[in-house]
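Here are the chains, one letter per residue:
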Amino acid sequence: MALEAKLGFQCLRAGSRPVSIESRLVASVSVSDPRLPSYDPRVARAFARLVGGWWRGAGAGRAWMLSLALAALVIGNIGLNVTVNAWNRMFFDALEKRDGGTLV
């Protein structure tokens, strides 16, 4: 019995025929697979036209400040997560070795 029959539904992709869940779980994807999304430069140009005025308009200074602040916050968040993960590694390595001196 097929997996979708067990679950009672089929996976549907926009603009395509129904695709069984089973075939999606075991399918391999090649680089030339027509089902993969392709890069369309018109989308990038339309996005640039849409948001470009925000960085070049009357409030450009504020827009750049907010964009740089967001980038700094993202980088700071990544740095904090890396630091916490390094501390967790040392903490749990000490627990594994039963090293009480490192834990304190």
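Everything numeric in this text was worked out from a predicted model, so none of it was measured.

### Considerations on the overall build of the protein chain
Consideration 1: When its secondary structure is counted, the protein chain shows five helices and zero strands.
Consideration 2: The proportion of buried residues among the 104 residues of the protein chain is 9%.
Consideration 3: Counting only contacts in the protein chain whose residues sit at least 6 apart along the sequence, the fraction spanning at least 24 positions is 0%.

### Here we look at the confidence of the model for the protein chain
Consideration 1: Of the residues in the protein chain, 66% have a pLDDT of 70 or more, and the chain-wide mean is 77.
Consideration 2: Within the protein chain, helix α1 (residues 3-7) has the poorest average pLDDT of any element, 49, and helix α4 (residues 60-97) the best, 94.

### Some words on a nonpolar patch on the surface
Consideration 1: The grouping of Leu70, Val74, Ile78 and Val82 at the surface amounts to a nonpolar patch, some 370 Å² of accessible area in total.
Consideration 2: Relative to the helices and strands, Val74 resides in helix α4.
Consideration 3: By relative accessible area, which is 43% here, Val74 ends up partly exposed.

### Some words on the packing of aromatic side chains
Consideration 1: For the coordinates displayed, the defined rule picks out four aromatic pairs.
Consideration 2: The interplanar angle of 20° and the centroid separation of 5.1 Å between the aromatic rings of Trp87 and Phe91 together place this pair among those described as stacked. One end of the pair, Trp87, and the other, Phe91, are both in helix α4, four residues apart, so they sit about a helical turn from each other.
Consideration 3: Accessibility expressed as a relative area gives 49% for Trp87, which makes it partly exposed.
Consideration 4: Judged by relative accessible area, which is 26%, Phe91 ranks as partly exposed.
Consideration 5: Each member of the aromatic cluster is reached from another via a ring pair, and the members are Trp54, Trp55 and Trp64.

Here is what the cut-offs are and how they apply
- Residues numbered from 1 in each chain as written.
- Predicted model: local features only at pLDDT ≥ 70, side-chain atom pairs only at ≥ 80, totals over all residues.
- Heavy atoms only, no water.
- Helix = DSSP H or I, 4+ residues; strand = E, 2+ residues; numbered from the N terminus.
- Buried < 20%, exposed > 50% of the residue type's maximum accessible area, 1.4 Å probe, protein only.
- Contact = heavy atoms within 4.5 Å.
- pLDDT = per-residue confidence, 0-100.
- Patch = residues over 30% accessible without salt bridge, like charges linked within 9 Å, V, L, I, M, F, W, Y side chains within 5 Å.
- Areas by Shrake-Rupley, 256 points an atom, 1.4 Å probe, with all protein chains shown as cover.
- Salt bridge = Lys/Arg side-chain N within 4 Å of Asp/Glu carboxyl O.
- Phe/Tyr/Trp six-rings, centres within 6.5 Å; stacked < 30°, edge-to-face > 60°.

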